[in-house]
Amino acid sequence: MKFVDEYRKKDLILSVAENLRAISRKEIILMEVCGGHTMAIHRFGLASLLPSNIRLISGPGCPVCVSSQLFIDKAMAYSKIPGTIITTYGDLIRVPGSSTSLEKERAAGSDIRIVYSALESLEIARGNPEKNVIFLGIGFETTAPATAATIIKAKKEKISNFFVLSAHKVMPPVMKALVEEGVKINGFIAPGHVTAITGTSIYNDLASVYGLGVVVSGFEPADLMQAVLMLAIQMESGTPKVEIQYQRVVHYKGNIIAQQLLDEVFVHSDDSWRGLGMIPDSGLKIRENFSSFDAEKQFTVNVPESVEPKGCICGQILRGIKTPEDCTLFAKKCSPSHPVGACMVSAEGTCATYYKYRS
Amino acid sequence: MKLKERNILLGHGSGGRMMHELISDVFIKHFGNEILNEQSDSAILSVGSSEISFTTDSFVIDPLFFPGGNIGKLAVCGTVNDIAVSGAEPLYLSVSFIIEEGFPFNQLELIAESLASEAKKAGILIVTGDTKVVNKGKCDKLFINTAGIGRLKMKNRYISKALNLREGDVIIINGNIGDHGLAVMNARESFNFKTLVESDCASLNHMIKEVLDKYPVKFMRDPTRGGVATVMNELASKTNLGIELSESDLPVNKGVKAMCEILGFDPLHIANEGKVLIVAEEKEGLKILDLLKKNILGKKSAIIGRIVNEHPGKVVLRNETGGRRIVDSLTGDQLPRIC
């Protein structure tokens, strides 16, 4: 398959690994921020190809995992309002809220539908004019532009029964928050598809102020190995900077049209991350201009503050402080069929990845 | 949580681990017996001096018509294959329809036609049936149940039991995996992938008979819901042997591979309706492979793995880059990932 096979060639991957072993001396810890990277690293067994002085830790880049319990609880409260259809991306459906999940609410009678794009929700709204359709907007800069475009379209076409509950988030504040909190890393393997939208300037502070290396990486094994090599070269020469490995997709300016869409519809606000708490300016709320599409402005639900499940260390895992194997629930009380914490639910959650690729 | 406080979720019907929990927590608990507890696709029964294979399956597929087949064809293939992989020759079939009020006659006719033509092809006779019509909204268009019986030769009686498996035995499949699941999903959902992936839906009994007539087979199973991964896991845990699969040897259609990459699915978890997994001693396995390749339903047959002494009870996949990972059964429904 084009754009896949050539980046999975064994010889290529092994030759990058050899280069890495030849040049890398310093002890370094790199954080892969994106859940897609975590998946690929485990799926292709890349950790075993790295020299022992390089360690990879996983970060908070699984959008399903970091959606707060309060958000899930709210979504379920909305689903119980008569005449409401909830539309959601598939992997959110099994995420546990404080007492139940969307999957269980669906079985109990709520109208909850899986969609593959925000625009599909708009079609559902058009086809069900007597009902209110609420789309659960989750994801980072990757999925947020599609939500923005959908809201703009709904406004243009005067569709009055379509709403969005936005838990969209942006990446840079959480990366900065982790560093300021003292998580010990030397560099980031930065998310390829987020950066395809935002461009690389969002990482400049990480390099210039915090002295961290940042390499934007693709998702195939050869991409990730090359990104690690580029970071190792930076570390060895003592010149941390922002570089792009994933040049076939990412331009340093990003996608200007998508950025404009985001800016038109959303405004940055403080937002709550599961396991990490409130992070300033890390969320995307719907602007006043579009408030008629903002589910939170249009419907009132009473949802009590929730507590995180006992014994779950998702928060520390999302910070890269602990690994799933440190958790007493992992692969015992918490598994993909009975997830306790959110990191076990999404296929790209760190715990689910460790579970799937454990040996 | 106590069982009585829980509700059935869609995942309980997905063929994976959740369904197995449901079966043992409710059905085996209430009406388990020596024959049922085997939990094979077919029950093996002794009636007088004959051995009989008996099975049933319900078909609730949406959409009713999909590239490569329709619910009628599927209702025959599904039951025929369940009988055939138990080592038996399918003989008689029952067909029951549950039809939603308002269902168009011409569609029913089309479905009945393909049911008849597939039964003819498979050489199985439809001998009894039932028809129910329910109020609009009480079922989704049309559901079909079929049950079938087949004659089992004494020498094939052990096939579903997987008794004599040993290190070095090879695992063979008769072609591409994942075609059925993704063809149906592509027809049902709004992806609009421009792909030619068709369901592999086919009756395998003639091909299987050719193999059984000539060569000794140690185990057979059709990897339907839950896919190859689920059958392999059941086999590993039943025999307490290890299974090693080789990713580069798995036959997967390019379109299926691409859809899996996009949606975050694993082809090993996707349903097939015209595939059989065969375990045999290596020497015989190579001959079986040659024979399968000559059959139109087995052109892309391949040896995809082996029985090993390491990691008892577990299935491990060796990937193209030399990494290894555990292959689990499907948990619940496959969920498409967000990004």
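Parameters at a glance
Numbering of residues starts from 1 in every chain and runs along the sequence as written. Whichever chain is written first becomes A and whichever ligand is written first becomes 1, with later ones labelled in order. Residue-level local features of this predicted model are given only where pLDDT is at least 70; pairs of side-chain atoms are given and counted only at 80 or more, and the full residue set underlies all totals for whole chains, interfaces and linings. Side-chain calculation: all heavy atoms of the structure are included, whereas hydrogens and water are not. Between the rings of Phe, Tyr and Trp (Trp by its six-membered ring), a pair exists once the centres lie within 6.5 Å; its type follows the angle of the planes, with under 30 degrees stacked, over 60 edge-to-face, and the other angles tilted. Here a helix means four or more residues in a row that DSSP labels H or I, a strand means two or more in a row labelled E, and each is numbered from the N terminus. The buried label applies to any residue whose accessible area, calculated with a 1.4 Å probe on protein chains only, is under 20% of its type's maximum; exposed applies above 50%, and partly exposed to all values in between. Disulfide assignment relies on a single distance test, namely cysteine sulfur atoms paired within 2.5 Å. Contact definition: two residues touch when any of their heavy atoms are within 4.5 Å. A pair is scored as a salt bridge if a Lys or Arg side-chain nitrogen falls within 4 Å of a carboxyl oxygen belonging to Asp or Glu. Within 3.5 Å is the distance limit for a polar contact, defined as a pair of N or O atoms, with the added protein rule that one can donate a hydrogen and the other accept it, and that residues adjacent in sequence qualify only through two side-chain atoms. Classes in brief: Ala, Val, Leu, Ile, Met, Phe, Trp, Tyr, Cys and Pro nonpolar; Asp, Glu, Lys and Arg charged; the others, Gly included, polar. For every residue, the predictor assigns a confidence score, pLDDT, that lies between 0 and 100. For helices, the axis comes from a line fit to the C-alpha atoms of the stretch in contact; other axes are also lines fit to C-alpha atoms, and the angle between any two N-to-C directions lies between 0 and 180 degrees. Working definition: roughly parallel below 35 degrees, roughly antiparallel above 145 degrees, roughly perpendicular at 65 to 115 degrees, and oblique for all remaining angles. Crossing handedness: left-handed means the near helix sits turned counterclockwise from the far one by under a right angle, and right-handed means the same turn made clockwise. The criterion for strand pairing is that DSSP finds at least two bridges linking the strands in question.

All names here are of chain A. A full pass over the atoms with the stated rule returns seven aromatic pairs over all chains. With 5.9 Å between their ring centres and 75° between their planes, Phe219 and Tyr246 make a pair best called edge-to-face. Taken together, the residues Phe219 in the loop between strand 8 (213-217) and helix 11 (221-237) and Tyr246 in the loop between strand 9 (242-244) and helix 12 (256-265) connect sequence positions 27 residues apart. Residue Tyr246 is classed as buried on the basis of its relative accessible area of 7%.

Throughout this description, disulfide means a covalent bond between two cysteine sulfur atoms. All names here are of chain A. Tallied over the entire structure, the rule returns one disulfide over all chains. What pairs with Cys62 in a disulfide is Cys65, and their sulfur atoms sit 2.5 Å apart. Judged by the sign of its S-S torsion, about 70°, the cystine formed by Cys62 and Cys65 is right-handed. Take Cys62: its relative accessible area is 4%, and that puts it in the buried class. Cys314 supplies the cysteine sulfur nearest to Cys312, a cysteine that is in no disulfide, at a spacing of 3.6 Å. Cysteine Cys351 remains unbridged, with the sulfur of Cys343 as its closest cysteine sulfur at 4.6 Å.

Let's shift gears to the side chain of Arg274 of chain A. Residue and element names in this part refer to chain A. The residue Arg274 is located in the loop between strand 10 (266-273) and strand 11 (277-286) in this model. Arg274 sits in the buried class, given a relative accessible area of 2%. Sequence-distant contacts of Arg274, that is, excluding residues within four places in its chain, are made with Cys65, Val66, Ser67, Ser68, Gln69, Ile72, Val95, Pro96, Glu308, Leu318 and Ala342.

With that out of the way, let us pick up the interface of chain B and chain A. Contacts between the two partners involve 34 residues from chain B and, on the opposite side, 35 residues from chain A. Linking chain B with chain A are two salt bridges. One salt bridge connects Arg43 of chain A with Glu261 of chain B, and the closest N-O pair in it is separated by 3.5 Å. Scanning the region where chain B abuts chain A turns up three residue pairs in polar contact (both at pLDDT 80 or more). When contributions to the side of chain B that touches chain A are tallied by element, the ones reaching two or more residues are helix 1 (17-31), helix 7 (254-263) and strand 14 (324-326) of chain B. With four residues, the single largest contributor to the side of chain B that touches chain A is helix 7 of chain B. Residue composition of the side of chain B that touches chain A, grouped by class: 14 nonpolar, eight polar and 12 charged.

On to the confidence of the model for chain B, then. Mean pLDDT over chain B: 92, with 96% of residues reaching 70 or higher. Scored as a complex, the prediction yields pTM 0.85 and ipTM 0.74.

Here the focus is the packing of helix 7 (residues 144-156) of chain A against helix 12 of chain A. Helix-helix packing is described using two parameters, namely the angle between the two axes and the distance between the axes. All names here are of chain A. Closest axis-to-axis distance for the helix 7/helix 12 pair is 8 Å, and the angle between their directions is 60°. Looking at the two axes, helix 7 sits oblique to helix 12. Relative to helix 12, the crossing made by helix 7 is left-handed. Of the residues in helix 12, those touching helix 7 at Ala144, Pro145, Ala148, Ala149, Ile151 and Ile152 are Ala258, Leu261, Leu262, Glu264 and Val265. Each residue belonging to the contact of helix 7 with helix 12 can be placed in one class, and the counts come to 10 nonpolar, no polar and one charged.

Okay, unusual backbone geometry next. In this model, Asp62 of chain B is joined to Pro63 of chain B through a cis peptide bond whose omega is 5°. With respect to the helices and strands, Pro63 of chain B occurs in the loop between strand 2 (50-59) and strand 3 (65-66). Residue Ala331 of chain A is not a glycine yet carries a positive backbone phi of 65°. Within the secondary structure layout, Ala331 of chain A lies in the loop between helix 14 (314-318) and helix 15 (350-356). Here the phi dihedral of Gln39 of chain B falls at roughly 50°; this positive angle occurs in a residue that is not glycine.

This part covers the pairing of strand 13 (residues 315-318) of chain B. All names here are of chain B. Where strand 10 (residues 242-246) lies against strand 13, four bridges are found, and the strand directions are parallel. Opposite Glu244, over in strand 13, you have Val316 as the bridge partner. Of the pairings in the sheet, the one linking strand 13 to strand 14 comprises three bridges and is antiparallel in character. Along strand 14, the bridge assignment pairs Arg318 with Arg324.

Take the sheet that holds strand 3 (residues 84-88) of chain A next. Residues and elements named next belong to chain A. Strand order in the open sheet made by the four strands is 4-3-5-6, with parallel pairing throughout. Edge positions in the sheet fall to strand 4 (111-114) and strand 6 (162-166), since each of these pairs with one other strand and no more. On average, each strand axis in the sheet is inclined to that of its neighbour by 25°, with strand direction left out of account. Where strand 3 meets strand 5 (residues 132-137), four bridges bridge the pair, whose relative direction is parallel. The residue of strand 5 that forms the bridge with Thr87 is Phe135. Running at roughly 150° to strand 6, helix 7 makes contact with strand 5 and strand 6 of the sheet.

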